[in-house]
Each structure stands twice: as structure tokens, then as C-alpha cells.
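Listed below are the residues making up each chain.
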Amino acid sequence: MYVVKSSLSDANLKTVSEALQGALVDLVDLALVAKQIHWNVVGPRFRSVHLQLDEVVDTARKYSDTVAERAAALGISPDGRAATVAVGSGIGVTPEGWVDDTTAVGTLVEALGAVIARMRERVESTGEPDPVSQDIFIGITADLEKHHWMFQAENG
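Residues numbered from 1 in each chain as written. Predicted model: local features only at pLDDT ≥ 70, side-chain atom pairs only at ≥ 80, totals over all residues. Heavy atoms only, no water.

Draft legend 1. Just the overall build of the chain, in detail. When you go through the chain residue by residue, the secondary structure sums to five helices and two strands. Counting from the amino terminus, the chain carries its helices and strands in the arrangement α-β-α-α-β-α-α. Relative to the compact-globule value of 15 Å for 156 residues, the chain shows a C-alpha radius of gyration of 16 Å, a close match. In terms of principal-axis extent, the alpha carbons of the chain reach across some 55 × 30 × 20 Å. (Helix = DSSP H or I, 4+ residues; strand = E, 2+ residues; numbered from the N terminus. Rg over C-alpha atoms; globule rule 2.2 N^0.38 Å.)

Draft legend 2. Seen up close, the nonpolar core. Judged by nonpolar contacts, the single largest core of 41 residues is most densely connected at Leu 30, Leu 108, Ile 140 and Leu 144. Residue contributions to this core peak at twelve residues, all from helix 1 (residues 10-40). With sequence-adjacent residues up to four places away left out, Ile 140 is seen in contact with Leu 27, Tyr 63, Val 67 and Met 119. (Core = buried A, V, L, I, M, F, W, Y, C linked by side-chain atoms within 4.5 Å. Buried < 20%, exposed > 50% of the residue type's maximum accessible area, 1.4 Å probe, protein only. Contact = heavy atoms within 4.5 Å.)

Draft legend 3. Summary view of the UniProt feature "domain: Ferritin/DPS" (unreviewed entry) in the chain. Mapped onto this numbering, the UniProt entry gives "domain: Ferritin/DPS" (unreviewed entry) at residues 18-153. Segment residues 18-153 splits into 79% helix and 3% strand. End C-alpha atoms: 33 Å apart. (UniProt positions renumbered as here; feature names shortened; annotations may be inferred.)

Draft legend 4. Representation of helix 4 (residues 101-126). Across its 26 residues, helix 4 extends 37 Å between first and last C-alpha, which sits within 8% of the 38 Å expected from 1.5 Å per residue. Sitting at the head of helix 4, Asp 100 places a side-chain oxygen 3.1 Å from the backbone nitrogen of Thr 102. (Expected span 1.5 Å × (residues − 1). Polar contact = N/O pair within 3.5 Å; in protein donor to acceptor, adjacent residues only side chain to side chain.)

Draft legend 5. Just the packing of aromatic side chains, in detail. Throughout the structure, instances matching the rule amount to zero aromatic pairs. We note Lys 62 situated over the ring of Tyr 63; from NZ or CZ to the ring centre the distance is 4.5 Å. (Phe/Tyr/Trp six-rings, centres within 6.5 Å; stacked < 30°, edge-to-face > 60°. Lys NZ or Arg CZ within 6 Å of the ring centre and 35° of its normal.)

Draft legend 6. Just the packing of helix 4 against helix 5 (residues 131-155), in detail. Following both chains from N to C, one finds helix 4 and helix 5 inclined at 160°, their axes separated by 8 Å at the closest point. Regarding the angle of helix 4 to helix 5, the classification is roughly antiparallel. For helix 4 against helix 5, the interelement crossing comes out left-handed. Grouping the constituent residues of the contact of helix 4 with helix 5 by class yields 14 nonpolar, eleven polar and four charged. (Axes fitted to C-alpha atoms, helices over the stretch in contact; angles between N-to-C directions. Parallel < 35°, antiparallel > 145°, perpendicular 65-115°, else oblique. Left-handed = near helix turned anticlockwise from the far one by under 90°. Nonpolar A, V, L, I, M, F, W, Y, C, P; charged D, E, K, R; others polar.)

Draft legend 7. Main features of the environment of Val 123. Inspection of the secondary structure puts Val 123 in helix 4. Separated by 23 residues in the primary sequence, Val 123 and Asp 100 have C-alpha atoms spaced 34 Å apart. Residue contacts for Val 123: discarding those within four places in its chain leaves Gln 134, Phe 137, Ile 138 and Thr 141.

Draft legend 8. Focus on the packing of helix 1 against helix 4. Where helix 1 meets helix 4, the closest approach of the two axes is 10 Å, and the angle between their N-to-C directions is 170°. In terms of orientation, helix 1 lies roughly antiparallel with respect to helix 4. Each of Thr 15, Val 16, Ala 19, Gly 22, Ala 23, Asp 26, Leu 27, Leu 30, Ala 34 and Ile 37 in helix 1 lies in contact with helix 4, whose residues at this interface are Ala 104, Thr 107, Leu 108, Ala 111, Leu 112, Val 115, Arg 118, Met 119, Arg 122, Ser 125 and Thr 126. Its residues assigned to classes, the contact of helix 1 with helix 4 comprises 13 nonpolar, five polar and three charged.

Draft legend 9. Inspection of the pattern of salt bridges at higher detail. Inspection of every chain in the model, using the stated rule, returns ten salt bridges. Of the charged contacts in the structure, one is a salt bridge between Lys 14 and Glu 18, with a shortest N-O distance of 2.4 Å. Taken together, the positions of Lys 14 and Glu 18, both in helix 1 and four residues apart, correspond to about one turn of that helix. Classification of Lys 14 by relative accessible area gives exposed; the value is 52%. Here Glu 18 falls in the partly exposed class, since its relative accessible area comes to 47%. Three or more residues are tied together by salt bridges with common partners; here these are Asp 26, Arg 118 and Arg 122. (Salt bridge = Lys/Arg side-chain N within 4 Å of Asp/Glu carboxyl O.)

Listed below in C-alpha cells is the structure:
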């Protein structure tokens, strides 16, 4: 079997590998959380929140693919399995059942905040060992911060 070899040193590859894998887990979980709430949101702002949640799902799915492919390009096998996501995500528990629009928005604010904080750590940790991966994390963080701002504005 062919194994992809990275040009990064072993120490740098370890740092970047942990950052990429952590980001993958957070992004997969963010997509799942946003979709779960999307299916269950109710209330006067149902339609606008419902549509806004799909925007988060699209962003998280797009970037999870980017992160997984970056990992693969460096010879790191990406792991997006459900069990891996369940134990590694930095996002809290998602409400069960119907979720009123105010709670839905608050849940997304918290989830996005948690992922953004971890992405910023990844931006910091990958700057020296791999500016290419760092650039990916910067783009992810910028897009997630935009969603975070918009959801915060929903609840004023």
C-alpha cells in the first residue's frame, strides 16, 4: 500500500496532525449539531433560523472536507467516524426534541464560540510548523466568526 509522505519534520507533523484532526472532529460535530437543531427549531423566527442553520452546516461540511484533504495530503489519515467525533468534540450537548428559536440561537452561539476558540488555538499552534494549514484555520475561523456574529445578533 502506498503511504503519503510529508515534507514536514516528525515533530511538526505531530503538531499539525493534532490540529487537523481536532478541527475535523469539531467541524463534523458542528454540522451535526446545526442540522439537528435545524430539524427541530420552532417559534416565530422558525424560517430565518432554519435557513441560517443550513448556512452553518454548509460551511462546516465544506471546511471538514478541506481539513480532511489537507491531512491526507500530509500523510495523515483523517478520522471522521462517529465514535471519534463523539469523544473528541469541544461542543457541548445539543438539546433533545423541539427547540424554541431563542434556545436554538443560544445553542449555536455557544457551539460556534467553542469551535472558534479551538480554531484560534490551532491558528497559533500551526503558524511555525505549517503556514499552509494555518491559512486554512484562519479562513475557517473567519467564516465561523461571521456566523457567530449573525447568531449573536439574532438574540440581541
